[in-house]
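Coordinate analysis (summary)
Each chain is listed here by its residues.
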4 protein chains.
Amino acid sequence: MISSQIKVVVRFAETDAMGVVYHANYLPWFEIARTALIAQIGLPYTKLQSQGYHLPVLEANVKYKLPAKYDDELLVTATIKEMPALRIRIEYTVHRGNEMLTTGTTTHVFMNNEGHAIRPPEFVIETFKKYF
Amino acid sequence: MISSQIKVVVRFAETDAMGVVYHANYLPWFEIARTALIAQIGLPYTKLQSQGYHLPVLEANVKYKLPAKYDDELLVTATIKEMPALRIRIEYTVHRGNEMLTTGTTTHVFMNNEGHAIRPPEFVIETFKKYF
Amino acid sequence: MISSQIKVVVRFAETDAMGVVYHANYLPWFEIARTALIAQIGLPYTKLQSQGYHLPVLEANVKYKLPAKYDDELLVTATIKEMPALRIRIEYTVHRGNEMLTTGTTTHVFMNNEGHAIRPPEFVIETFKKYF
Amino acid sequence: MISSQIKVVVRFAETDAMGVVYHANYLPWFEIARTALIAQIGLPYTKLQSQGYHLPVLEANVKYKLPAKYDDELLVTATIKEMPALRIRIEYTVHRGNEMLTTGTTTHVFMNNEGHAIRPPEFVIETFKKYF
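Residues numbered from 1 in each chain as written. Chains lettered and ligands numbered in written order. Predicted model: local features only at pLDDT ≥ 70, side-chain atom pairs only at ≥ 80, totals over all residues.

1. Observations regarding the overall build of chain A
Within chain A one finds three helices and six strands. Ordered by position from N to C terminus, the α and β elements of chain A give β-α-α-β-β-β-β-β-α. Compactness check: chain A gives a C-alpha radius of gyration of 16 Å against a globular reference of 14 Å for 132 residues, within 12% of the reference. Along the longest, intermediate and shortest principal axes, the C-alpha atoms of chain A span 45 × 30 × 20 Å. Here chain A, with 132 residues, has 36% of them falling under the buried criterion. (Helix = DSSP H or I, 4+ residues; strand = E, 2+ residues; numbered from the N terminus. Rg over C-alpha atoms; globule rule 2.2 N^0.38 Å. Buried ≥ 20, exposed ≤ 12 C-beta atoms within 10 Å, placed from the backbone.)

If you want it as structure tokens, here you go:
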């Protein structure tokens, strides 16, 4: 299992007229957390991109338990629980102190510059093998 | 079953550096489609709000099959398949012509001004009963 | 003078915790209006792009007089008042019925695929000459 | 003169199909910088809000010199150069290392809960007097 955690302070731009964070705005935070996660194991996303690899989102899921508000300081955790095969599944939690506000998952696949789904490149598999 | 369809033209603001629509930006389209859906059966969201009712998102799910691009003209369909009980489940598709680009679901619950989950108000249940 | 007008219905995603449209969210509407404006005179932006031309924003200015709210139906007008030279200046207004909510301007320059500012291509100048 | 500086790392969600930061997305960064600025002098925005004061944007201006890109680490500086009277004018710069990418200004007025423009409250004037 590999896991990474980032801090986010809620921006006013991320709130909506219900006075809380608009529900779509959790997905960019998940993205920051998963970018931190893969950078942490030596696979910075900008490097993957420059080598012609992309990790588009195949599926995203968010469960909203408690609302986040303007200026809240949040901890967003991204976790990969199982050795990725063709698909990479990442799980997320958003906490404000001890309160868990949100959970979610995203599923990804490696894609080349031509937009075709491909197997994870060998150096990625080798990297993951160190952790699982 | 009740269903409603809206047209969306992809804004440049909705694209990302992969040259396609950023994955979080489908959720606001789903919201426009479900607002049209409940307005179509006589429950405009602004009226629900003015009466102290809200329909926050409990869960959202999006599956990305093909990417939408800048200036694409899309049809977003929202469908309620079963008579809602405490929770209201809405399904979505996004089409570009005959291509289905995206599917999704959201789950909602009625909430009062104090932020508590409540049963759907009687006039909402009566309205739904006409359709199921 | 050339002018174009588009209709926008305020999305819930565009509001903020003050209950009104977040101030940055007028800029995407300006973009839709100016895209309609240049398409109207025969220069669709997607065609300009496919020929290697871009129209990045050099400067943007927005004046907020009255707030727009969720579900408001707005008219956004884009106007070019003077024959463009190297720079193209576009003016905007946002109306809700007779009320003028917002005004703005953006300034643009033609850019090639290499990211260099260039003179407007000849066919663009010829097109503009028909209107000024 | 009072000045405050914040760090921003460009999110993928903030880019557009030109491969750079979408022009509207500088405004939320300006907001984070001015919130830091007024918090730094002892006027946290959440406290102002809880006392019934708001600081809506009357006017915003952005000049784009060089584009910011995904994952760029940026410094956003907010500066108040003159003792505010009825209106508060804030200036911004966005730097990537030694390069200045963007400049801007916003103008604000104090507003009460009823949405009326008001003079800055006495404790705000006293606070500003310490710095000018």
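2. With respect to the confidence of the model for chain A
The share of residues in chain A with pLDDT of 70 or more is 100%, and the mean pLDDT across the chain is 95. Both scores are available for the predicted complex, with the pTM at 0.96 and the ipTM at 0.95. (pLDDT = per-residue confidence, 0-100.)

3. Description of the interface of chain B and chain A
It is common to report an interface's size as the accessible area lost on association of the parts. Facing 15 residues of chain B, the contacting portion of chain A comprises 15 residues. Sorting the residues of the side of chain B that touches chain A by element identifies α1 (26–40) and β2 (57–64) of chain B as the ones contributing at least two each. At eight residues, the largest contribution of residues to the side of chain B that touches chain A is made by β2(B). Across the side of chain B that touches chain A, the residue classes break down as 10 nonpolar, three polar and two charged. Inspection of the sheet shows strand β2 (residues 57–64) of chain A paired to β2(B) by five bridges, in the antiparallel sense. Counted as the bridge partner of A:Glu59 is B:Lys63 from β2(B). (Contact = placed C-beta atoms within 7 Å. Nonpolar A, V, L, I, M, F, W, Y, C, P; charged D, E, K, R; others polar. Pairing = 2+ DSSP bridges.)

4. What about the relation of the copies chain B and chain A?
Between the two copies, chain B and chain A, the superposition gives an RMSD of 0.0 Å; the rotation angle is 180 degrees and the shift along the axis is 0.0 Å. With respect to symmetry, the two chain copies, as superposed, fit the operation of a two-fold axis. Considering only C-alpha atoms, the part of chain B nearest the rotation axis is B:Asn61, at 2.2 Å. The share of interface residues of chain B whose copies in chain A are also at the interface is 100%, consistent with both copies meeting through the same surface. (Least-squares fit on C-alpha atoms with pLDDT ≥ 70 in both.)

5. Describing unusual backbone geometry
All names here are of chain A. With phi around 75 degrees, Asp71 is a residue other than glycine that occupies positive phi space. Its place among the elements puts Asp71 in the loop between β2 and β3 (73–80). Overall, Asp71 belongs to the partly exposed group, with 16 C-beta atoms counted inside 10 Å.

6. Things to note about the pairing of strand β4 (residues 87–96) of chain A
Residue and element names in this part refer to chain A. Sheet topology note: the β3/β4 ladder contains five bridges and is antiparallel. Across the sheet, the residue bridging to Leu75 is His95, located in β4. Counted between consecutive antiparallel strands, the loop separating β3 from β4 contains six residues. Judged from the 10 bridges that link them, β4 and strand β5 (residues 99–111) form a sheet pairing that is antiparallel. Bridge pairing in β5 places Val94 opposite Thr102.

7. A look at the interface of chain C and chain B
Listed as interface residues are eight residues of chain C and, on the opposing side, eight residues of chain B. For the side of chain C that touches chain B, the element with the most residues is helix α1 (residues 26–40) of chain C, which contributes three residues. For the side of chain C that touches chain B, the residue count by class is four nonpolar, one polar and three charged.

8. So, the environment of D:Glu73
Residues and elements named next belong to chain D. If you trace the backbone, Glu73 turns up in strand β3 (residues 73–80). For Glu73, a count of 12 C-beta atoms within 10 Å corresponds to the exposed category. Taking the C-alpha atoms as reference, Glu73 lies 6.4 Å from Arg96; in sequence the two are 23 residues apart. Once residues within four sequence positions are removed from consideration, Glu73 is found in contact with Lys7 and Val9.

9. Digging into the environment of A:Ser50
Within the secondary structure, A:Ser50 is located in helix α2 (residues 45–50). Separated by 63 residues in the primary sequence, A:Ser50 and A:Asn113 have C-alpha atoms spaced 9.9 Å apart.

10. Examining the environment of B:Phe30
Residues and elements named next belong to chain B. Here Phe30 shows up in helix α1. Along the primary structure Phe30 and Thr105 are separated by 75 residues, whereas in three dimensions their C-alpha atoms are 8.6 Å apart. With near-sequence residues (within four places) excluded, Phe30 lies in contact with Val76, Ala78, Tyr92, Gly104 and Thr106.

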